Amino acid sequence: MVDALGVAVVGFGWMGRVHTQAYARVRHHYPRLPLRPELIAVAEEVPGRAEEAAAQYGFASATRDWREVAADPRVRAVSITAPNFLHREIGVAMAEAGKHIWIEKPVGLTAGDTRAVADAVAEAGVQGAVGFNYRNAPAVETARELIASGEIGSVTHARIRLLSDYAAHPEGALTWRYERERGGSGVLGDLASHGADLARFLLGDIVSLTADTAVFLPERARPTAATAGHARAAGGEPGPVENEDYVGCLLRFASGARGVLEACRVSVAAQNDYGFEVHGTRGAVFWDFRRMNELGVSRGTAYQDQPVSTVHVGPGDGEFAAFQPGAANAMGFDDLKVVEAHRFLRSIAEGVPYGATLTDAVHSAAAVDAMARSAESGAWVTPGISG
């Protein structure tokens, strides 16, 4: 028997749509899932947007106030896709109301915020999932298995990059994303948080790091109306960009491996240029998000001039079989969110966490905070997860 589970989405920008579509698709890809998500409520403060979402996707109710969702007994699980500065308040409130939460990264503006949400989830005894979607790619999960099995030997060093042009246009509107109080540490929370999670997912704990940051576009125009995504605001009143456009970071792992993590939101000609290269004593693995279903693999005993093979992931890799019947059939970004939705709902059904958790989010946030501290001091810093 399949049980209905009332779900809600708080914040209905692009990511709110992605979560909603994942709920709609999840049982098509995972028919044995013992829960059937029902779209109960959508909350969005921009006038008219929640009503539009309800009309398009079939939510039973729409509101501008997320607190109504927290008080709604029909809602048992909530996707939190609101702006970053609201994540702590909403996450804690939903957990305290007994709702399971699927929350986007960064979970808060600081590691302390993230720890507060994690503690609230633990105290309430609910499940908490976090939107570290890149780890869900079948090629990434396969890379992790290759590394853990010793196929490339002992890892010596790695490079993780998250370069994008979404903020590269000088006419990009000065939205909350560029404010310290509401957008936190800029690209550190937005992209480097993914990088820190990938680094730990693939290579284990980060024990120390040193970082440098920069703001390359120090001024932007304020928007004159509500915005969505990365809108432009040419001619608006100019204001300062308060948080980081770029971070470069050296990492030391508990294993002894070394790493480089680089993230930038103003990289002209880089459209979602995300990926990693991991080198070991006998080989290497390479992944590029823009070729999400391919993995570069080098292994053997040649060492010098050793070739790299392109492996197309297939039904035996990660969650690929839930989406495609044979290797080299492409999966896309939204599919990774369906994987995430399945793991979140499975966690609720079984009472055991699957996928990225609030603990993972705390580790990522601690690394991001350490990057900010290191950039300010110029010193090597040890990430702490005490909050």
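Here the structure is a predicted model, which means the values were calculated and not measured.

J.: Is there a simple way to explain the sheet that holds strand β8 (residues 206–214) in this structure?
T.: Within a sheet, neighbouring strands are paired by backbone hydrogen bonds and run either parallel or antiparallel to one another. The eight strands are arranged β8-β11-β12-β7-β13-β14-β15-β16 in an open sheet whose pairing can be described as mixed. Each edge of the sheet is formed by a strand with only one pairing partner; in this case those strands are β8 and β16 (309–312). Each neighbouring strand pair of the sheet contributes to a mean axis angle of 15°, computed without reference to strand direction. The pairing of strand β11 (residues 246–253) with strand β12 (residues 258–264) spans seven bridges and is antiparallel.

J.: Explain helix α4 (residues 87–96) here, please?
T.: Within an α-helix, residues lying three or four positions from one another point in the same direction, as the helix has 3.6 residues per turn. Looking only at α4, the buried set comprises H87, I90, G91, V92, M94 and A95. One or two steps after α4, the chain reaches G98, where phi turns positive at roughly 85°.

J.: I'm lost on a nonpolar patch on the surface in this one. Help?
T.: Together, L250, V260 and W380 line one region of the surface with nonpolar side chains, adding up to about 250 Å² of accessible area. Examined against the element boundaries, L250 turns out to sit in strand β11.

J.: Help me understand unusual backbone geometry in this model?
T.: Residues other than glycine predominantly adopt negative phi, and peptide bonds predominantly adopt the trans conformation. The omega torsion across K105 and P106 is -10°, close enough to zero to call that bond cis. With respect to the helices and strands, the residue P106 is situated in the loop between β5 (100–103) and α5 (111–124). For A328, which is not a glycine, the phi torsion comes out positive at approximately 75°. Inspection of the secondary structure assignment puts A328 in the loop between β16 and α9 (333–350).

J.: Would you mind going over the side chain of D113 with me for this structure?
T.: Mapped onto the elements, D113 comes out in helix α5. Setting aside anything within four residues of it in sequence, one finds D113 in contact with R88 and G108.

J.: Quick question: what am I supposed to make of the packing of aromatic side chains here?
T.: Describing an aromatic ring pair means giving the distance of the ring centres and the angle of the ring planes. Under the criterion given, the structure shown has 15 aromatic pairs. We note R220 situated over the ring of Y178; from NZ or CZ to the ring centre the distance is 4.3 Å. Just above the ring of Y354 sits the side chain of R346; from NZ or CZ to the centre is 3.8 Å.

J.: Explain the pattern of salt bridges to me, please; I cannot follow it from the model alone.
T.: Where charged atoms of side chains with opposite charge meet at close range, the side chains can pair. For the coordinates displayed, the defined rule picks out 29 salt bridges. When the shortest N-O distance is used, the salt bridge between D113 and R88 registers 2.9 Å. Here D113 is found in helix α5, whereas its partner R88 is found in helix α4, with 25 residues between them in sequence. Overall, the relative accessible area of 37% leaves R88 in the partly exposed class. Between R343 and E319 there is a salt bridge, with the nearest N and O atoms lying 3.3 Å from each other. Residue R343 is located in helix α9, and its partner E319 is located in the loop between β16 and α9; the two are separated by 24 residues in the primary sequence. Taken as a pair, R343 and E319 share a single burial class, namely buried. Among the charged side chains, a network of salt bridges with common partners joins R159, R161, D273, E277, D288 and R290.

J.: Mind showing me how you'd approach α9 here?
T.: Between the first and last C-alpha of α9 there are 26 Å, a value that for 18 residues agrees with the 26 Å anticipated at 1.5 Å per step. Of all 18 residues in α9, 14 are buried, a share of seventy percent or more. Looking one or two residues beyond α9, the residue adopting positive phi is G351, at roughly 70°.

J.: For this particular structure, what's the right way to read the environment of A93?
T.: By secondary structure assignment, the location of A93 is in helix α4. C-alpha separation for the pair A93 and W66, spaced 27 residues apart in sequence, amounts to 9.8 Å.

J.: Would you explain the pairing of strand β14 (residues 283–288) in this entry?
T.: On a regular strand, one side chain projects to one face of the sheet and the next to the other, so that they alternate. Within β14, five of the six residues are buried, which leaves the element mostly enclosed by the surrounding structure. With five bridges connecting them, strand β13 (residues 273–280) and β14 associate as antiparallel partners. Following the sheet pairing, E277 is matched in β14 by F286. Between the antiparallel neighbours β13 and β14 lie two residues. With four bridges joining them, β14 and strand β15 (residues 294–299) adopt antiparallel strand pairing. If you follow V285 over to β15, its bridge partner there is V297. The turn linking β14 back onto β15 is made up of five residues.

J.: So what exactly am I meant to see when it comes to the nonpolar core here?
T.: Most often, soluble globular proteins keep nonpolar side chains buried together rather than apart. Residues F276, V278, V285, W287 and M371 are the most contacted members of the largest nonpolar core, which totals 80 residues. For this core, the element with the most residues is helix α8 (residues 187–203), which contributes 10 residues. If you look at the next biggest cluster of nonpolar residues, it comprises 32 residues, including A8, A82, A95 and F132.

J.: Quick question: what am I supposed to make of the sheet that holds strand β4 (residues 77–80) here?
T.: One open sheet accounts for six strands, arranged β3-β2-β1-β4-β5-β6; its pairing is parallel. The two strands at the open ends of the sheet, each matched to only one other strand, are β3 (61–63) and β6 (128–130). Neighbour-to-neighbour, the strand axes of the sheet open up by a mean angle of 25°, direction not taken into account. Note: strand β2 (residues 35–43) against β3, three bridges, orientation parallel. Across the sheet, A43 pairs through a bridge with T63, a residue of β3. Where α9 meets the sheet, its contacts fall on β1 (3–10), β2, β4, β5 and β6, and the angle it forms with β5 comes to roughly 160°.

Conventions used here
- Residue positions are counted from 1 within each chain, in the order its sequence is given.
- At least 70 in pLDDT is required for a residue's local features to be given in this predicted model, at least 80 for side-chain atom pairs to be given and counted, and no such filter applies to totals for whole chains, interfaces and linings, which use all residues.
- Only hydrogens and water are set aside; all other atoms, that is, all heavy atoms of the structure, feed into the side-chain values.
- The criterion for strand pairing is that DSSP finds at least two bridges linking the strands in question.
- Strands here mean DSSP runs of E at least two residues long; helices mean DSSP runs of H or I at least four residues long; both are numbered from the N terminus.
- Axes here refer to lines fitted to C-alpha atoms; in helices the fit is confined to the stretch in contact. Angles between the N-to-C directions go from 0 to 180 degrees.
- Buried means the residue's accessible area, taken with a 1.4 Å probe over protein chains only, is under 20% of the maximum for its type, while exposed means over 50%, and partly exposed covers the values in between.
- Patch definition: residues above 30% relative accessible area lacking any salt bridge, with like charges linked at up to 9 Å and the nonpolar side chains Val, Leu, Ile, Met, Phe, Trp and Tyr linked at up to 5 Å.
- To measure how exposed things are, a 1.4 Å probe is used in the Shrake-Rupley method; for residues, cover is taken only from the protein chains shown.
- A side-chain nitrogen of Lys or Arg and a carboxyl oxygen of Asp or Glu constitute a salt bridge if their distance falls within 4 Å.
- The contact criterion used throughout is that any non-hydrogen atoms of two residues lie within 4.5 Å.
- Ring pairs are drawn from Phe, Tyr and Trp, using the six-membered ring of Trp, whenever the two centres fall within 6.5 Å, and their geometry is named by plane angle: stacked under 30 degrees, edge-to-face over 60, tilted for the rest.
- Sitting over a ring, as applied to charges here, requires NZ of Lys or CZ of Arg to be within 6 Å of the ring centre and within 35 degrees of the ring normal.
- By this rule the span expected of a helix is its residue count minus one, scaled by 1.5 Å.
- We define the nonpolar core as a collection of buried residues of types Ala, Val, Leu, Ile, Met, Phe, Trp, Tyr and Cys that are connected through side-chain atoms lying within 4.5 Å of one another.

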